[in-house]
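Inside the fold
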Amino acid sequence: VHELADELKMGVKGLQYFMETCCPDTCVPVDLKQMAVNHVKAHPDSTATVVVDGMACLRYWYRCQAWVYGGQWQEYMHILQTFLDAFTVAGIHLVFFFDGTVEVQKRAAWVKRRLRVNQDIARIFQHIKTHAQQPNSRDLFCLPSGLATFSGFALKSLGQETRWSVREGDYEISDYALSHNCMGILGQDTDFVIYNTVPYLSINKLNLNNMTTVLFSRERLCQVLKLHMSDLPLLACLLGNDIVPEQQMQRLRNNALASYRKKHKQVQGDK
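Residues numbered from 1 in each chain as written. Predicted model: local features only at pLDDT ≥ 70, side-chain atom pairs only at ≥ 80, totals over all residues. Heavy atoms only, no water.

Going by the annotation in an unreviewed UniProt entry, the name recorded for the protein chain is Constitutive coactivator of peroxisome proliferator-activated receptor gamma, with Cirrhinus mrigala given as the source organism. UniProt lists a comment for the protein chain under the heading Sequence similarities (unreviewed entry), and it reads "Belongs to the constitutive coactivator of PPAR-gamma family." (UniProt positions renumbered as here; feature names shortened; annotations may be inferred.)

1. Some words on the sheet that holds strand β7 (residues 212-216)
Taken together, seven strands build an open sheet; the order of strands is β1-β7-β6-β5-β2-β3-β4 and the sheet is mixed. Strands at the two margins of the open sheet, each flanked by one partner only, are β1 (27-31) and β4 (161-164). Across the sheet, the mean angle separating the axes of adjacent strands is 30° when strand polarity is ignored. By the bridge criterion, five bridges tie strand β2 (residues 49-53) to strand β3 (residues 93-98) in an arrangement that is parallel. Bridging from a neighbouring strand, threonine 49 pairs with histidine 93 of β3. Where helix α7 (residues 169-179) meets the sheet, it contacts β2, β3, β4 and β5 (184-187), and its direction lies at approximately 180° from that of β2. (Pairing = 2+ DSSP bridges. Helix = DSSP H or I, 4+ residues; strand = E, 2+ residues; numbered from the N terminus. Axes fitted to C-alpha atoms, helices over the stretch in contact; angles between N-to-C directions. Contact = heavy atoms within 4.5 Å.)

2. Concerning the nonpolar core
In terms of nonpolar packing, the biggest core is built from 45 residues, with Leu32, Trp61, Phe83 and Phe87 touching the most fellow members. Examining the composition of this core, we find that seven residues originate from one element, helix α4 (residues 73-89), more than from any other. Dropping the residues within four chain positions of it, leucine 32 is found in contact with Phe87, Ile92, Met183, Leu201, Leu206, Met211 and Thr213. Residues Val95, Phe97, Cys182 and Ala236 belong to the second largest nonpolar core, which totals 24 residues. (Core = buried A, V, L, I, M, F, W, Y, C linked by side-chain atoms within 4.5 Å. Buried < 20%, exposed > 50% of the residue type's maximum accessible area, 1.4 Å probe, protein only.)

3. Overview of helix α1 (residues 15-22)
Residues of α1 that are buried include every one of Leu15, Gln16 and Met19, and no others. Projected down its long axis, α1 carries its buried residues within an arc of 110°, all on one side. (Arc of directions from axis to C-beta.)

4. Some details on the packing of aromatic side chains
According to the stated counting rule, one finds 14 aromatic pairs in the structure shown. Note on tyrosine 62 and phenylalanine 141: the rings are 6.4 Å apart at their centroids and 40° apart in plane angle, and the pair reads as tilted. Remark: phenylalanine 141 occurs in the loop between α5 (107-131) and α6 (147-157) and tyrosine 62 occurs in the loop between α3 (54-61) and α4; sequence separation between them is 79 residues. Chaining the aromatic ring pairs together yields one cluster made of Tyr60, Trp61, Phe83, Phe87 and Phe96. Its end group placed over the ring of tyrosine 60, arginine 63 keeps NZ or CZ at 5.7 Å from the ring centre. (Phe/Tyr/Trp six-rings, centres within 6.5 Å; stacked < 30°, edge-to-face > 60°. Lys NZ or Arg CZ within 6 Å of the ring centre and 35° of its normal.)

5. Some remarks on the pairing of β3
In terms of burial, β3 is a largely internal element, five of the six residues being buried. Sheet topology note: the β3/β4 ladder contains four bridges and is parallel. For phenylalanine 96, the partnering residue across the bridge sits in β4 and is threonine 162.

6. Focus: the pattern of salt bridges
Pairing is possible between side chains of opposite charge, provided their charged atoms come close. One pass over the full model with this rule turns up two salt bridges. When the shortest N-O distance is used, the salt bridge between arginine 123 and aspartate 120 registers 3.5 Å. Taken as a pair, arginine 123 and aspartate 120 lie in helix α5 at a separation of three residues, close to a single helical turn. Overall, the relative accessible area of 47% leaves arginine 123 in the partly exposed class. (Salt bridge = Lys/Arg side-chain N within 4 Å of Asp/Glu carboxyl O.)

What follows is the structure, encoded as structure tokens:
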């Protein structure tokens, strides 16, 4: 599972782009230090805990310069320690989750990603053969093999609570965060918008210097789309995700768009 881990999780197709580009009000800047203070005030008997989707953080963590050789282990450990120290200073406890299995329903999507990564690796080898050096562009980049597995054990060696899922990782993360009254989930997967769980915080937008990031608000998304929270799983199926393929709902989406355009034309008087 971990040999060619994705640097990004997929989630609901197009939802991340839609929220960031079309509905910027659903993307709320947050100060994690203040968020932690507020959480402890509201829940005096609990700790400000963030559940970290480790699989989604690999690219954020892995910034070693000599990456084509597998990177420098001590350099990577230093990066992880800096990450941990920033949250410790902010008074935030971290719990890390890594994927321990790929469920049957997601294997078709997983295979497609593996094939895509294989194509990227072939392009990287061609670049090395042509230029005799590793690519400088981050667009032509691949995480070292086994990094997810090694990262989990690296975090354990640094004294962190680290878990591996025994079923769908996103579900386990969401369930753990909700049942343990956690402050948020740090990752990059719009499944966390769909699940009824704690706030979803972006790893891609995280600034360790001032401990700020972006909260993707499911409540504001529902307000914009005029949906109930209970409608979000249906929305995820209509848009397509790792379990329900986009093509499976293509006809239904086309019919819905045609109906909308017809109604919109009648209301607006468009020609």
